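Understanding the architecture of this molecule
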2 protein chains.
Amino acid sequence: MNRKVLVADDEEDVLDLVSANLKSAGFTVLRAADGAEAIAKARRELPALLVLDLMLPEMSGIEVCKALKGDPATAAIPIIMLTAKAEEVDRIVGLELGADDYITKPFSPRELVLRVKSVLRRLTGDSDPGDQLKVGNVTVDRARHQVRVKNRLIDLTATEFKLLTLLFERRGRVQSREQLLRDVWGYESMIDTRTVDTHMRRLREKLGGGSDCIETVRGFGYRIAEE
Amino acid sequence: MNRKVLVADDEEDVLDLVSANLKSAGFTVLRAADGAEAIAKARRELPALLVLDLMLPEMSGIEVCKALKGDPATAAIPIIMLTAKAEEVDRIVGLELGADDYITKPFSPRELVLRVKSVLRRLTGDSDPGDQLKVGNVTVDRARHQVRVKNRLIDLTATEFKLLTLLFERRGRVQSREQLLRDVWGYESMIDTRTVDTHMRRLREKLGGGSDCIETVRGFGYRIAEE
DNA sequence: CAGCGGTGTCACGCAATCGTAACATTTCCA
DNA sequence: TGGAAATGTTACGATTGCGTGACACCGCTG
(Lines give C-alpha, C1' and ligand atoms only; values in the text may rest on other atoms or scores of the structure.)
Protein backbone atom coordinates (compact mmCIF):
# COMPACT_ATOMS: atom_id res chain seq x y z
CA MET A 1 0.00 0.00 0.00
CA ASN A 2 1.11 3.52 -0.80
CA ARG A 3 2.23 5.17 2.43
CA LYS A 4 3.38 8.46 0.92
CA VAL A 5 1.96 11.62 2.45
CA LEU A 6 2.62 15.06 1.00
CA VAL A 7 2.67 17.95 3.44
CA ALA A 8 2.37 21.51 2.13
CA ASP A 9 3.03 24.40 4.49
CA ASP A 10 5.15 27.51 4.25
CA GLU A 11 6.26 27.41 7.86
CA GLU A 12 9.36 25.36 8.40
CA ASP A 13 8.40 24.56 11.99
CA VAL A 14 5.02 23.16 11.11
CA LEU A 15 6.55 21.14 8.34
CA ASP A 16 9.14 19.65 10.67
CA LEU A 17 6.64 18.84 13.36
CA VAL A 18 4.13 17.22 11.07
CA SER A 19 6.79 15.31 9.18
CA ALA A 20 8.36 13.90 12.30
CA ASN A 21 5.05 12.65 13.61
CA LEU A 22 3.89 11.15 10.36
CA LYS A 23 7.21 9.42 9.90
CA SER A 24 7.08 7.86 13.32
CA ALA A 25 3.61 6.64 12.43
CA GLY A 26 5.11 4.78 9.51
CA PHE A 27 4.44 7.14 6.64
CA THR A 28 6.83 8.37 3.98
CA VAL A 29 6.70 12.13 4.02
CA LEU A 30 7.15 14.50 1.09
CA ARG A 31 7.35 18.23 1.68
CA ALA A 32 6.25 21.28 -0.23
CA ALA A 33 6.73 24.92 0.77
CA ASP A 34 4.24 26.54 -1.56
CA GLY A 35 1.25 25.80 -3.74
CA ALA A 36 3.06 25.32 -7.03
CA GLU A 37 5.47 22.87 -5.49
CA ALA A 38 2.61 21.00 -3.87
CA ILE A 39 0.83 20.56 -7.18
CA ALA A 40 4.00 19.52 -8.97
CA LYS A 41 4.92 16.94 -6.36
CA ALA A 42 1.39 15.64 -6.12
CA ARG A 43 1.34 15.02 -9.89
CA ARG A 44 4.76 13.45 -9.95
CA GLU A 45 4.63 11.33 -6.81
CA LEU A 46 0.92 10.58 -6.49
CA PRO A 47 0.90 10.44 -2.68
CA ALA A 48 -1.78 8.56 -0.77
CA LEU A 49 -2.82 11.78 0.91
CA LEU A 50 -2.13 15.50 1.03
CA VAL A 51 -1.97 17.66 4.14
CA LEU A 52 -2.50 21.19 2.92
CA ASP A 53 -2.23 24.53 4.68
CA LEU A 54 -5.01 26.90 3.71
CA MET A 55 -2.70 29.90 3.84
CA LEU A 56 0.13 29.48 1.41
CA PRO A 57 2.19 32.21 -0.26
CA GLU A 58 1.40 32.97 -3.89
CA MET A 59 -1.32 30.41 -4.29
CA SER A 60 -3.82 29.65 -1.58
CA GLY A 61 -4.65 26.16 -0.42
CA ILE A 62 -8.07 26.57 -1.94
CA GLU A 63 -6.62 27.03 -5.39
CA VAL A 64 -4.30 24.10 -4.93
CA CYS A 65 -7.25 22.03 -3.89
CA LYS A 66 -9.26 23.02 -6.92
CA ALA A 67 -6.37 22.40 -9.26
CA LEU A 68 -5.75 18.92 -7.94
CA LYS A 69 -9.40 17.94 -7.77
CA GLY A 70 -9.90 19.22 -11.28
CA ASP A 71 -7.18 17.03 -12.73
CA PRO A 72 -8.30 13.42 -13.22
CA ALA A 73 -4.80 12.22 -12.44
CA THR A 74 -4.82 13.69 -8.97
CA ALA A 75 -8.53 14.00 -8.21
CA ALA A 76 -8.53 10.84 -6.16
CA ILE A 77 -5.93 12.08 -3.69
CA PRO A 78 -7.67 12.89 -0.43
CA ILE A 79 -6.85 16.22 1.15
CA ILE A 80 -6.76 17.30 4.77
CA MET A 81 -6.86 21.07 5.20
CA LEU A 82 -4.99 22.96 7.86
CA THR A 83 -6.62 26.20 8.82
CA ALA A 84 -5.69 28.85 11.34
CA LYS A 85 -9.01 29.96 12.62
CA ALA A 86 -12.14 28.19 13.58
CA GLU A 87 -14.19 30.83 11.80
CA GLU A 88 -12.63 29.85 8.51
CA VAL A 89 -13.97 26.38 8.84
CA ASP A 90 -17.44 27.72 8.27
CA ARG A 91 -16.36 29.19 5.01
CA ILE A 92 -14.53 26.14 3.83
CA VAL A 93 -17.30 23.82 4.78
CA GLY A 94 -19.85 26.10 3.18
CA LEU A 95 -17.95 26.32 -0.04
CA GLU A 96 -17.09 22.68 0.08
CA LEU A 97 -13.88 22.69 -1.81
CA GLY A 98 -13.37 19.01 -1.87
CA ALA A 99 -11.17 18.58 1.13
CA ASP A 100 -11.84 15.33 2.92
CA ASP A 101 -11.22 16.64 6.39
CA TYR A 102 -10.14 19.73 8.26
CA ILE A 103 -7.98 20.53 11.25
CA THR A 104 -7.80 23.92 12.90
CA LYS A 105 -4.53 25.28 14.21
CA PRO A 106 -3.25 24.86 16.77
CA PHE A 107 -3.59 21.12 16.52
CA SER A 108 -1.84 18.31 18.28
CA PRO A 109 0.39 16.21 16.02
CA ARG A 110 -1.24 13.15 17.47
CA GLU A 111 -4.61 14.41 16.34
CA LEU A 112 -3.29 14.96 12.83
CA VAL A 113 -1.89 11.48 12.58
CA LEU A 114 -5.20 10.04 13.74
CA ARG A 115 -7.02 12.08 11.17
CA VAL A 116 -4.69 10.98 8.40
CA LYS A 117 -5.20 7.35 9.30
CA SER A 118 -8.93 7.84 9.58
CA VAL A 119 -9.21 9.36 6.12
CA LEU A 120 -7.05 6.69 4.54
CA ARG A 121 -9.02 3.99 6.25
CA ARG A 122 -12.27 5.45 5.07
CA LEU A 123 -11.09 5.39 1.49
CA THR A 124 -9.21 2.16 1.28
CA GLY A 125 -12.14 0.40 2.86
CA ASP A 126 -11.37 -0.59 6.41
CA SER A 127 -8.56 -2.80 7.52
CA ASP A 128 -5.48 -0.88 8.44
CA PRO A 129 -2.68 -3.22 9.43
CA GLY A 130 -0.80 -0.25 10.83
CA ASP A 131 -3.20 -0.25 13.73
CA GLN A 132 -2.33 -3.81 14.61
CA LEU A 133 0.54 -4.32 16.99
CA LYS A 134 1.70 -7.87 17.47
CA VAL A 135 4.28 -9.36 19.79
CA GLY A 136 4.48 -13.06 20.37
CA ASN A 137 0.93 -14.32 20.58
CA VAL A 138 -0.44 -10.99 21.77
CA THR A 139 -2.19 -8.67 19.31
CA VAL A 140 -3.30 -5.13 20.05
CA ASP A 141 -5.89 -3.57 17.74
CA ARG A 142 -6.00 0.11 18.50
CA ALA A 143 -8.93 1.04 16.30
CA ARG A 144 -11.14 -1.63 17.81
CA HIS A 145 -9.70 -1.34 21.28
CA GLN A 146 -9.27 -5.06 21.43
CA VAL A 147 -6.49 -7.30 22.66
CA ARG A 148 -6.11 -10.91 21.72
CA VAL A 149 -3.92 -13.68 23.07
CA LYS A 150 -3.78 -16.61 20.69
CA ASN A 151 -6.88 -15.22 18.99
CA ARG A 152 -8.77 -15.28 22.26
CA LEU A 153 -10.30 -11.92 23.15
CA ILE A 154 -9.01 -10.36 26.38
CA ASP A 155 -11.05 -7.82 28.27
CA LEU A 156 -8.87 -4.91 29.42
CA THR A 157 -9.76 -1.72 31.23
CA ALA A 158 -8.95 1.70 29.80
CA THR A 159 -5.69 2.21 31.67
CA GLU A 160 -4.54 -1.31 31.09
CA PHE A 161 -5.17 -0.92 27.40
CA LYS A 162 -3.32 2.38 27.15
CA LEU A 163 -0.44 1.01 29.14
CA LEU A 164 -0.09 -2.06 26.97
CA THR A 165 -0.40 -0.06 23.78
CA LEU A 166 2.30 2.35 24.83
CA LEU A 167 4.67 -0.45 25.74
CA PHE A 168 3.99 -2.18 22.43
CA GLU A 169 4.65 1.01 20.51
CA ARG A 170 8.01 1.27 22.22
CA ARG A 171 8.81 -2.38 22.01
CA GLY A 172 12.33 -3.24 23.05
CA ARG A 173 12.92 0.01 24.89
CA VAL A 174 12.74 0.14 28.65
CA GLN A 175 10.11 2.50 30.01
CA SER A 176 10.60 3.90 33.50
CA ARG A 177 7.66 4.18 35.83
CA GLU A 178 7.90 7.95 35.64
CA GLN A 179 7.75 7.84 31.86
CA LEU A 180 4.77 5.53 31.90
CA LEU A 181 2.96 7.75 34.38
CA ARG A 182 3.60 10.77 32.20
CA ASP A 183 2.57 9.16 28.95
CA VAL A 184 -0.33 7.02 30.08
CA TRP A 185 -1.80 8.95 32.96
CA GLY A 186 -0.99 12.50 31.87
CA TYR A 187 1.43 15.31 32.34
CA GLU A 188 1.02 16.21 35.96
CA SER A 189 -0.34 13.14 37.56
CA MET A 190 0.44 13.18 41.26
CA ILE A 191 0.32 9.46 41.37
CA ASP A 192 2.57 7.08 43.17
CA THR A 193 4.97 5.26 40.88
CA ARG A 194 4.11 2.01 42.62
CA THR A 195 0.69 2.23 41.05
CA VAL A 196 2.32 1.26 37.79
CA ASP A 197 3.36 -2.01 39.37
CA THR A 198 -0.18 -2.82 40.29
CA HIS A 199 -1.38 -2.20 36.79
CA MET A 200 1.39 -4.27 35.33
CA ARG A 201 0.36 -7.10 37.57
CA ARG A 202 -3.25 -6.87 36.46
CA LEU A 203 -2.08 -6.79 32.86
CA ARG A 204 0.04 -9.90 33.31
CA GLU A 205 -2.78 -11.67 35.05
CA LYS A 206 -5.22 -10.97 32.26
CA LEU A 207 -2.77 -11.76 29.49
CA GLY A 208 -2.08 -15.11 31.08
CA GLY A 209 0.36 -17.01 28.92
CA GLY A 210 0.85 -13.97 26.74
CA SER A 211 2.43 -12.03 29.57
CA ASP A 212 5.82 -13.54 28.78
CA CYS A 213 6.51 -10.62 26.50
CA ILE A 214 6.45 -8.18 29.43
CA GLU A 215 9.86 -8.04 31.02
CA THR A 216 10.76 -6.39 34.30
CA VAL A 217 14.04 -4.53 34.18
CA ARG A 218 15.03 -4.26 37.77
CA GLY A 219 16.00 -0.75 38.78
CA PHE A 220 14.67 0.81 35.57
CA GLY A 221 11.17 -0.18 34.65
CA TYR A 222 9.43 -2.42 32.13
CA ARG A 223 9.97 -3.46 28.55
CA ILE A 224 8.32 -5.51 25.84
CA ALA A 225 10.53 -8.29 24.56
CA GLU A 226 11.74 -8.10 20.99
CA GLU A 227 10.80 -10.98 18.79
CA MET B 1 -28.08 5.42 -21.60
CA ASN B 2 -28.52 9.04 -20.65
CA ARG B 3 -25.39 10.21 -18.85
CA LYS B 4 -26.41 13.83 -18.40
CA VAL B 5 -26.30 15.20 -14.87
CA LEU B 6 -27.51 18.67 -13.98
CA VAL B 7 -25.80 20.42 -11.09
CA ALA B 8 -27.44 23.43 -9.47
CA ASP B 9 -25.48 25.52 -7.01
CA ASP B 10 -24.84 29.23 -6.66
CA GLU B 11 -21.23 28.80 -5.60
CA GLU B 12 -18.90 28.84 -8.57
CA ASP B 13 -16.31 26.80 -6.71
CA VAL B 14 -18.69 24.04 -5.80
CA LEU B 15 -19.95 23.92 -9.35
CA ASP B 16 -16.42 23.63 -10.72
CA LEU B 17 -15.47 20.96 -8.30
CA VAL B 18 -18.53 18.81 -8.66
CA SER B 19 -18.48 19.17 -12.43
CA ALA B 20 -14.87 18.12 -12.67
CA ASN B 21 -15.45 15.03 -10.62
CA LEU B 22 -18.60 13.97 -12.39
CA LYS B 23 -16.95 14.50 -15.76
CA SER B 24 -14.00 12.37 -14.82
CA ALA B 25 -16.49 9.72 -13.74
CA GLY B 26 -17.88 9.71 -17.26
CA PHE B 27 -20.93 11.94 -16.94
CA THR B 28 -21.96 14.85 -19.08
CA VAL B 29 -22.45 17.81 -16.80
CA LEU B 30 -24.90 20.68 -17.15
CA ARG B 31 -24.73 23.63 -14.81
CA ALA B 32 -27.24 25.96 -13.25
CA ALA B 33 -26.54 28.88 -10.93
CA ASP B 34 -30.03 29.39 -9.55
CA GLY B 35 -33.38 27.73 -9.19
CA ALA B 36 -35.05 29.16 -12.27
CA GLU B 37 -32.17 28.09 -14.47
CA ALA B 38 -32.22 24.64 -12.93
CA ILE B 39 -35.88 24.16 -13.73
CA ALA B 40 -35.47 25.50 -17.26
CA LYS B 41 -32.53 23.25 -18.05
CA ALA B 42 -34.13 20.25 -16.46
CA ARG B 43 -37.20 20.67 -18.69
CA ARG B 44 -35.18 21.26 -21.81
CA GLU B 45 -32.42 18.70 -21.37
CA LEU B 46 -34.12 16.02 -19.29
CA PRO B 47 -30.97 14.95 -17.45
CA ALA B 48 -30.65 11.54 -15.89
CA LEU B 49 -30.20 13.12 -12.50
CA LEU B 50 -30.16 16.45 -10.70
CA VAL B 51 -27.74 17.49 -7.94
CA LEU B 52 -29.43 20.32 -6.13
CA ASP B 53 -28.21 22.66 -3.43
CA LEU B 54 -30.82 23.28 -0.79
CA MET B 55 -29.73 26.88 -0.39
CA LEU B 56 -30.16 28.73 -3.64
CA PRO B 57 -30.71 32.44 -4.20
CA GLU B 58 -34.22 33.55 -5.17
CA MET B 59 -35.78 30.15 -5.10
CA SER B 60 -34.81 27.50 -2.59
CA GLY B 61 -33.91 23.98 -3.53
CA ILE B 62 -37.10 22.82 -1.91
CA GLU B 63 -39.21 24.87 -4.28
CA VAL B 64 -37.23 23.66 -7.24
CA CYS B 65 -37.75 20.13 -6.06
CA LYS B 66 -41.49 20.60 -5.70
CA ALA B 67 -41.76 22.25 -9.10
CA LEU B 68 -39.94 19.47 -10.89
CA LYS B 69 -41.71 16.66 -9.05
CA GLY B 70 -45.03 18.32 -9.78
CA ASP B 71 -44.47 18.40 -13.52
CA PRO B 72 -45.11 15.03 -15.22
CA ALA B 73 -42.38 15.80 -17.73
CA THR B 74 -39.68 16.04 -15.10
CA ALA B 75 -41.14 14.08 -12.19
CA ALA B 76 -39.08 11.03 -12.99
CA ILE B 77 -35.75 12.81 -12.68
CA PRO B 78 -34.09 11.69 -9.47
CA ILE B 79 -32.75 14.44 -7.24
CA ILE B 80 -29.84 14.44 -4.83
CA MET B 81 -29.97 17.26 -2.31
CA LEU B 82 -26.97 19.05 -0.91
CA THR B 83 -27.61 20.29 2.59
CA ALA B 84 -25.59 21.83 5.35
CA LYS B 85 -27.22 20.31 8.37
CA ALA B 86 -28.37 16.91 9.44
CA GLU B 87 -31.55 18.21 10.98
CA GLU B 88 -32.81 19.30 7.62
CA VAL B 89 -32.56 15.81 6.25
CA ASP B 90 -35.75 14.63 7.85
CA ARG B 91 -37.89 16.92 5.77
CA ILE B 92 -36.02 16.31 2.56
CA VAL B 93 -36.12 12.59 2.21
CA GLY B 94 -39.20 10.49 2.29
CA LEU B 95 -41.58 13.37 2.56
CA GLU B 96 -43.54 15.19 -0.05
CA LEU B 97 -40.41 16.80 -1.38
CA GLY B 98 -39.50 13.63 -3.12
CA ALA B 99 -35.74 13.95 -3.15
CA ASP B 100 -34.15 10.59 -3.80
CA ASP B 101 -31.05 11.04 -1.74
CA TYR B 102 -29.12 13.67 0.11
CA ILE B 103 -25.58 14.53 1.11
CA THR B 104 -24.71 16.65 4.09
CA LYS B 105 -21.92 19.15 3.81
CA PRO B 106 -19.09 18.81 4.12
CA PHE B 107 -18.86 15.98 1.66
CA SER B 108 -16.03 14.75 -0.46
CA PRO B 109 -16.54 14.87 -4.22
CA ARG B 110 -15.78 11.20 -4.26
CA GLU B 111 -18.73 10.57 -2.02
CA LEU B 112 -20.98 12.55 -4.30
CA VAL B 113 -19.98 10.57 -7.34
CA LEU B 114 -20.61 7.35 -5.48
CA ARG B 115 -24.03 8.56 -4.46
CA VAL B 116 -24.91 9.62 -8.01
CA LYS B 117 -23.97 6.22 -9.33
CA SER B 118 -25.87 4.55 -6.55
CA VAL B 119 -29.08 6.42 -7.26
CA LEU B 120 -28.87 5.74 -10.97
CA ARG B 121 -28.20 2.09 -10.35
CA ARG B 122 -31.13 1.85 -8.01
CA LEU B 123 -33.45 3.26 -10.63
CA THR B 124 -32.35 0.85 -13.28
CA GLY B 125 -33.47 -1.95 -11.04
CA ASP B 126 -30.12 -3.22 -9.87
CA SER B 127 -29.92 -3.76 -6.19
CA ASP B 128 -27.30 -1.68 -4.48
CA PRO B 129 -25.77 -3.44 -1.52
CA GLY B 130 -23.65 -0.42 -0.73
CA ASP B 131 -26.69 1.37 0.61
CA GLN B 132 -27.69 -1.39 2.97
CA LEU B 133 -25.81 -1.78 6.18
CA LYS B 134 -26.70 -4.82 8.21
CA VAL B 135 -25.48 -5.98 11.60
CA GLY B 136 -27.26 -8.68 13.48
CA ASN B 137 -30.95 -8.14 12.95
CA VAL B 138 -30.58 -4.40 12.39
CA THR B 139 -30.60 -2.99 8.87
CA VAL B 140 -29.84 0.60 7.96
CA ASP B 141 -31.00 1.86 4.58
CA ARG B 142 -29.23 5.12 4.00
CA ALA B 143 -31.00 6.13 0.84
CA ARG B 144 -34.48 5.55 2.19
CA HIS B 145 -33.56 6.87 5.59
CA GLN B 146 -35.00 3.80 7.20
CA VAL B 147 -33.93 1.43 9.93
CA ARG B 148 -35.38 -2.00 10.49
CA VAL B 149 -35.06 -4.49 13.31
CA LYS B 150 -36.14 -7.96 12.27
CA ASN B 151 -37.88 -6.37 9.29
CA ARG B 152 -39.90 -4.16 11.58
CA LEU B 153 -39.59 -0.47 10.74
CA ILE B 154 -38.09 1.70 13.47
CA ASP B 155 -38.81 5.40 13.65
CA LEU B 156 -35.64 7.36 14.35
CA THR B 157 -35.01 11.08 14.56
CA ALA B 158 -32.46 12.75 12.29
CA THR B 159 -29.72 12.79 14.90
CA GLU B 160 -30.33 9.23 15.94
CA PHE B 161 -30.24 8.07 12.35
CA LYS B 162 -27.01 9.83 11.54
CA LEU B 163 -25.43 8.55 14.71
CA LEU B 164 -26.39 4.99 13.96
CA THR B 165 -25.32 5.24 10.34
CA LEU B 166 -21.93 6.58 11.30
CA LEU B 167 -21.38 3.81 13.79
CA PHE B 168 -22.45 1.22 11.25
CA GLU B 169 -20.14 2.60 8.62
CA ARG B 170 -17.29 2.26 11.07
CA ARG B 171 -18.38 -1.06 12.41
CA GLY B 172 -15.95 -2.63 14.80
CA ARG B 173 -13.97 0.51 15.40
CA VAL B 174 -14.45 2.40 18.63
CA GLN B 175 -15.70 5.95 18.23
CA SER B 176 -15.00 8.40 21.01
CA ARG B 177 -17.65 10.85 22.12
CA GLU B 178 -15.58 13.68 20.73
CA GLN B 179 -15.35 11.98 17.35
CA LEU B 180 -19.06 11.35 17.29
CA LEU B 181 -19.81 14.95 18.20
CA ARG B 182 -17.51 16.12 15.47
CA ASP B 183 -18.85 13.85 12.79
CA VAL B 184 -22.53 13.79 13.65
CA TRP B 185 -23.18 17.19 15.14
CA GLY B 186 -20.65 19.23 13.21
CA TYR B 187 -17.27 20.78 13.38
CA GLU B 188 -17.58 23.26 16.18
CA SER B 189 -20.49 22.14 18.23
CA MET B 190 -20.18 23.38 21.78
CA ILE B 191 -22.09 20.45 23.09
CA ASP B 192 -21.44 18.40 26.16
CA THR B 193 -19.99 15.00 25.38
CA ARG B 194 -22.45 13.44 27.81
CA THR B 195 -25.18 14.33 25.36
CA VAL B 196 -23.91 11.49 23.23
CA ASP B 197 -24.81 9.12 26.05
CA THR B 198 -28.37 10.32 26.05
CA HIS B 199 -28.72 9.78 22.33
CA MET B 200 -27.18 6.35 22.63
CA ARG B 201 -29.73 5.51 25.27
CA ARG B 202 -32.59 6.65 23.06
CA LEU B 203 -31.15 4.67 20.18
CA ARG B 204 -30.90 1.53 22.29
CA GLU B 205 -34.39 2.06 23.57
CA LYS B 206 -35.83 2.31 20.09
CA LEU B 207 -33.81 -0.55 18.69
CA GLY B 208 -35.06 -2.79 21.47
CA GLY B 209 -33.66 -6.26 21.03
CA GLY B 210 -31.47 -5.05 18.19
CA SER B 211 -29.49 -2.83 20.53
CA ASP B 212 -27.19 -5.71 21.39
CA CYS B 213 -24.96 -4.66 18.54
CA ILE B 214 -24.11 -1.37 20.26
CA GLU B 215 -21.27 -1.93 22.66
CA THR B 216 -20.02 0.49 25.28
CA VAL B 217 -16.26 0.62 25.57
CA ARG B 218 -15.71 2.08 28.98
CA GLY B 219 -13.28 4.96 29.00
CA PHE B 220 -13.27 5.33 25.23
CA GLY B 221 -16.64 5.45 23.57
CA TYR B 222 -18.94 3.21 21.59
CA ARG B 223 -18.63 0.54 18.95
CA ILE B 224 -20.79 -1.66 16.77
CA ALA B 225 -20.16 -5.33 17.30
CA GLU B 226 -18.66 -7.30 14.46
CA GLU B 227 -20.60 -10.28 13.22
C1' DC C 1 -52.08 29.83 22.30
C1' DA C 2 -51.35 25.14 23.81
C1' DG C 3 -49.55 20.86 22.57
C1' DC C 4 -45.98 18.09 20.76
C1' DG C 5 -41.78 15.95 19.26
C1' DG C 6 -36.89 16.58 19.16
C1' DT C 7 -33.02 18.01 21.68
C1' DG C 8 -29.46 19.24 25.23
C1' DT C 9 -28.44 19.32 30.16
C1' DC C 10 -28.48 17.95 34.84
C1' DA C 11 -28.53 15.10 39.07
C1' DC C 12 -28.59 10.68 41.01
C1' DG C 13 -26.92 6.04 41.80
C1' DC C 14 -24.71 1.86 40.79
C1' DA C 15 -20.94 -0.76 39.44
C1' DA C 16 -16.44 -1.02 37.39
C1' DT C 17 -12.18 0.67 38.05
C1' DC C 18 -8.42 2.98 40.23
C1' DG C 19 -4.84 4.31 43.65
C1' DT C 20 -2.68 3.23 47.80
C1' DA C 21 -1.01 1.04 51.70
C1' DA C 22 0.41 -3.07 53.73
C1' DC C 23 2.43 -7.40 53.35
C1' DA C 24 5.09 -11.13 50.73
C1' DT C 25 8.66 -12.34 47.75
C1' DT C 26 12.64 -11.86 44.95
C1' DT C 27 17.05 -9.89 43.78
C1' DC C 28 21.37 -8.02 44.57
C1' DC C 29 25.54 -6.99 46.95
C1' DA C 30 28.51 -6.48 50.94
C1' DT D 1 24.51 -15.37 54.25
C1' DG D 2 21.90 -11.64 55.74
C1' DG D 3 19.80 -7.48 54.98
C1' DA D 4 18.20 -3.79 52.18
C1' DA D 5 16.13 -2.40 48.07
C1' DA D 6 13.09 -3.46 44.43
C1' DT D 7 9.26 -5.76 42.85
C1' DG D 8 5.08 -8.92 43.21
C1' DT D 9 0.66 -9.62 45.51
C1' DT D 10 -3.46 -8.68 48.02
C1' DA D 11 -7.17 -6.15 49.81
C1' DC D 12 -9.98 -2.14 50.34
C1' DG D 13 -11.77 2.63 50.33
C1' DA D 14 -12.21 6.35 46.89
C1' DT D 15 -13.13 7.69 42.46
C1' DT D 16 -14.97 7.71 37.99
C1' DG D 17 -17.69 6.50 34.08
C1' DC D 18 -21.92 5.47 32.43
C1' DG D 19 -27.04 4.42 32.42
C1' DT D 20 -31.17 6.39 33.79
C1' DG D 21 -34.97 9.45 34.61
C1' DA D 22 -36.48 14.12 34.74
C1' DC D 23 -36.79 18.59 32.94
C1' DA D 24 -36.35 22.88 30.30
C1' DC D 25 -35.94 24.83 25.79
C1' DC D 26 -37.19 25.59 21.02
C1' DG D 27 -39.38 25.36 16.65
C1' DC D 28 -43.46 23.66 14.61
C1' DT D 29 -48.39 22.70 13.95
C1' DG D 30 -53.09 22.80 14.60
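Description of the structure in this document. Just so it is clear, the structure is predicted and the values come from calculations on it, not from any experiment. (Residues numbered from 1 in each chain as written. Chains lettered and ligands numbered in written order. Predicted model: local features only at pLDDT ≥ 70, side-chain atom pairs only at ≥ 80, totals over all residues. Heavy atoms only, no water.)

**Focus on the environment of B:Leu163**
Residues and elements named next belong to chain B. Along the polypeptide, Leu163 turns up in helix α6 (residues 158–169). A relative accessible area of 0% places Leu163 in the buried class. Put simply, Leu163 and Leu180 are 17 residues apart on the chain and 7.4 Å apart in space, counted from C-alpha to C-alpha. With residues up to four places along the chain from it excluded, the contact list for Leu163 reads Leu180, Val184, Trp185, His199, Met200 and Leu203. (Helix = DSSP H or I, 4+ residues; strand = E, 2+ residues; numbered from the N terminus. Buried < 20%, exposed > 50% of the residue type's maximum accessible area, 1.4 Å probe, protein only. Contact = heavy atoms within 4.5 Å.)

**Details of the packing of helix α6 (residues 158–169) of chain A against helix α7 (residues 177–185) of chain A**
Residues and elements named next belong to chain A. The geometry of α6 relative to α7 is characterised by a closest axis approach of 10 Å and an angle of 120° between their N-to-C directions. The orientation of α6 relative to α7 falls into the category oblique. The two elements α6 and α7 meet at a crossing, and its hand is right-handed. Residue-level contacts link Thr159, Lys162, Leu163, Leu166 and Leu167 of α6 to Leu180, Asp183, Val184 and Trp185 of α7. Its residues assigned to classes, the contact of α6 with α7 shows six nonpolar, one polar and two charged. (Axes fitted to C-alpha atoms, helices over the stretch in contact; angles between N-to-C directions. Parallel < 35°, antiparallel > 145°, perpendicular 65-115°, else oblique. Left-handed = near helix turned anticlockwise from the far one by under 90°. Nonpolar A, V, L, I, M, F, W, Y, C, P; charged D, E, K, R; others polar.)

**Describing the pattern of salt bridges**
Residue and element names in this part refer to chain A. Counted according to the given criterion, the structure contains 25 salt bridges over all chains. Residue Arg31 pairs with Asp16 through a salt bridge whose shortest N-O separation is 2.9 Å. Placement of the pair is Arg31 in strand β2 (residues 28–32) and Asp16 in helix α1 (residues 12–24), with a sequence separation of 15 residues. By relative accessible area, which is 27% here, Arg31 ends up partly exposed. Given a relative accessible area of 37%, Asp16 falls into the partly exposed group. (Salt bridge = Lys/Arg side-chain N within 4 Å of Asp/Glu carboxyl O.)

**Notes on the protein's contact with DNA strand D**
Taken together, 22 residues surround DNA strand D, and among them A:Gly219, A:Tyr222, B:Thr216, B:Gly219 and B:Tyr222 come closest. When the atoms of DNA strand D within 4 Å of the protein are grouped by moiety, sugar and phosphate amount to 50% of the total. Those elements that place two or more of their residues in the surface near DNA strand D are α8 (194–207) and β11 (214–217) of chain A together with α8 (194–207) and β11 (214–217) of chain B. Looking at the surface near DNA strand D element by element, the count peaks at five residues for α8(A). (Near = heavy atom within 4 Å.)

**Notes on the side chain of B:Arg223**
Position of B:Arg223 among the secondary structure elements: in strand β12 (residues 221–224). You can call B:Arg223 buried: its relative accessible area is 10%. A polar side-chain atom of B:Arg223 sits 2.3 Å from the main-chain carbonyl oxygen of A:Arg144. Non-local contacts of B:Arg223, meaning those with residues more than four positions away in its chain, are made with A:Arg144, A:His145, A:Gln146, B:Gly172, B:Arg173, B:Val174, B:Cys213, B:Ile214, B:Glu215 and B:Val217. (Polar contact = N/O pair within 3.5 Å; in protein donor to acceptor, adjacent residues only side chain to side chain.)

**Notes on the packing of helix α7 (residues 177–185) of chain B against α8(B)**
Residue and element names in this part refer to chain B. Orientation of α7 relative to α8, taken along the N-to-C sense of each, is 75°, at an axis distance of 9 Å. In this view, α7 runs roughly perpendicular relative to α8, as classed from their interaxial angle. Only Val196, Asp197, His199 and Met200 of α8 make contact with α7, whose side of the interface consists of Arg177, Leu180, Leu181 and Trp185.

**Regarding the protein's contact with DNA strand C**
Among the 23 residues in the neighbourhood of DNA strand C, the closest are listed as A:Thr159, A:Arg202, B:Thr157, B:Thr159 and B:Arg202. Sugar and phosphate atoms constitute 71% of the interface atoms of DNA strand C, taking the interface as everything within 4 Å of the protein. A:His199 is positioned with one of its side-chain polar atoms (N or O) 2.9 Å from a phosphate oxygen of DNA strand C. B:Asp192 has a polar backbone atom sitting 3.0 Å from a phosphate oxygen of DNA strand C. Those elements that provide at least two residues to the surface near DNA strand C are α6 and α8 of chain A together with α8 of chain B. Residue classes in the surface near DNA strand C are distributed as seven nonpolar, 10 polar and six charged.

**Focus on helix α3 (residues 61–70) of chain A**
Among the residues of α3(A), A:Gly61, A:Ile62, A:Val64, A:Cys65, A:Leu68 and A:Lys69 are the ones counted as buried. Viewed end-on, α3(A) has its buried residues packed into an arc of 160°, placing them on one side of the element. (Arc of directions from axis to C-beta.)

**Describing the packing of aromatic side chains**
Considering all chains together, one arrives at one aromatic pair over all chains under this definition. Over the ring of A:Phe27 we find A:Arg3, and its NZ or CZ is 4.3 Å from the ring centre. (Phe/Tyr/Trp six-rings, centres within 6.5 Å; stacked < 30°, edge-to-face > 60°. Lys NZ or Arg CZ within 6 Å of the ring centre and 35° of its normal.)

**What to know about the nonpolar core**
Ranked by internal contacts, the top residues of the largest apolar core, which has 44 residues, are B:Leu52, B:Val147 and B:Phe168. Sort the elements by how many residues they give to this core and α6(B) lands first, with six residues. Counting only domains with at least three residues in this core, you end up with domain 1 (4–124) and domain 2 (132–224) of chain B. In contact with B:Phe168, not counting residues within four places along its chain, are B:Leu133, B:Lys134, B:Val135, B:Val138, B:Val140, B:Cys213 and B:Ile224. A:Leu163, A:Leu167, A:Val184 and A:Leu203 belong to the second largest nonpolar core, which has 28 residues in total. (Core = buried A, V, L, I, M, F, W, Y, C linked by side-chain atoms within 4.5 Å. Domains from an automatic or database assignment.)

**Quick notes on the pairing of strand β8 (residues 146–149) of chain B**
All names here are of chain B. Residues of β8 alternate between two faces, with Val147 and Val149 buried on one and Gln146 and Arg148 left unburied on the opposite face. Both strand β7 (residues 138–141) and β8 contribute to a ladder of four bridges, which runs antiparallel. Looking at β8, one finds that Val138 is bridged to Val149. Note: β8 against strand β9 (residues 152–154), three bridges, orientation antiparallel. Residue Val149 lies in a different strand from β9, and its bridge partner there is Arg152. With antiparallel pairing between neighbouring strands as the criterion, β8 and β9 make up a hairpin whose turn holds two residues, including Lys150 at a positive phi of roughly 50°. (Pairing = 2+ DSSP bridges.)

So far we have only geometry, and geometry alone does not tell us how the molecule works.
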